[in-house]
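For reference, the chains in residue letters:
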Amino acid sequence: MPRYKLTIEYDGAPYLGWQMQASSYGKSVQGELVRAIGEFCGEAVTVGGAGRTDAGVHATGQVAHVDLTRDWPNRVVRDATNRYLKDEAIAVLAAEKMPDAFDARFSAVRRHYLYRIIDRRPPLTLERERAWWSPKALDVERMQEAAQILIGRHDFTTFRSTECQAKSPIRNLDRFDVVRTGDGIECRLDARSFLHNQVRSMVGSLKLVGEGLWTADDLAAALAARDRKACGMVGPAHALYLTQVDYPAEWVPLPDTPE
């Protein structure tokens, strides 16, 4: 059965997150992909994703894999799936045939996230569901300096949801950069994997530093506390984007099937 790697973009607002839910609860991104691919190829399929984004979280570079019984050209898999997603806020950007052992989740070596904040006095309109609005100007330099405290291997208990199902709170954070772009602030974070709510919790606490309510030492103390109660706040889901998933160079796409 040919295995295809799918690169996917979606607006998370209409969905209950990536993971499939019971039909009575509402739509999921994974569920709509399963439906769309099944309709185009006429078979029941399973779609595995690289990251289980929460309700409201967006993606510009989510990755998934799916096994099909027929050897379709990459373009057909992409375009036919998108045809059945035309009423959804989901698009398959690329489909590539991969070796059978490729797994979107377990083959990944790094995940990249972007968290957007817009600090201006007027409320947001066009960006209302795309960024976290702060009517108070934030000190980006202080935020960038404090963010470096979180780089490296730590126990991130303070910054994970109480409902997180990960066996260990230990994670290695490779990057946490905070930069200003016009009236917006971009927080870019890279790691092999993240805990449930980790990015939103870290950014929420870091925002307190930008507001002058916390110091870098306060952030360090919160990390050292290893206690969820020490977390400052949790940023809203609608400002978070999964932008890219990295894989080892050994995972090279197979030759495309001729049309």
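Fair warning: this is a prediction, and the values are worked out from it, not measured in the lab.

Per the counting criterion, the structure on display carries zero disulfides. Between Cys-231, a cysteine without a disulfide, and Cys-164, which holds the nearest cysteine sulfur, the sulfur-to-sulfur distance is 13 Å.

Spanning 13 residues, helix 1 (residues 29-41) covers 18 Å between terminal C-alpha atoms, matching the ideal 18 Å at 1.5 Å per step. Most of helix 1 is tucked away, with 11 of its 13 residues classed as buried. By the burial criterion, the buried members of helix 1 are Val-29, Gln-30, Gly-31, Glu-32, Leu-33, Val-34, Ala-36, Ile-37, Gly-38, Phe-40 and Cys-41. Where the residues of helix 1 are buried, they touch strand 1 (3-10), strand 2 (47-49), strand 3 (58-67), helix 2 (74-83) and strand 4 (90-98). Structurally, the start of helix 1 carries an N-cap: the backbone nitrogen of Gly-31 is 2.9 Å from a side-chain oxygen of Ser-28. Downstream of helix 1 by a residue or two, Gly-42 has a phi angle that is positive, lying close to 75°.

What UniProt calls "binding site: substrate" (unreviewed entry) maps, in this numbering, to Tyr-113. Inspection of the secondary structure assignment puts Tyr-113 in strand 5 (residues 110-119). When sequence neighbours within four positions are dropped, the list of residues in contact with Tyr-113 reads Thr-53, Cys-187, Arg-188, Leu-189, Phe-194, Val-199, Leu-240, Tyr-241, Leu-242 and Thr-243.

Reading the values: the criteria
- Residues numbered from 1 in each chain as written.
- Predicted model: local features only at pLDDT ≥ 70, side-chain atom pairs only at ≥ 80, totals over all residues.
- Heavy atoms only, no water.
- Disulfide = S-S within 2.5 Å.
- Helix = DSSP H or I, 4+ residues; strand = E, 2+ residues; numbered from the N terminus.
- Expected span 1.5 Å × (residues − 1).
- Buried < 20%, exposed > 50% of the residue type's maximum accessible area, 1.4 Å probe, protein only.
- Contact = heavy atoms within 4.5 Å.
- Polar contact = N/O pair within 3.5 Å; in protein donor to acceptor, adjacent residues only side chain to side chain.
- UniProt positions renumbered as here; feature names shortened; annotations may be inferred.

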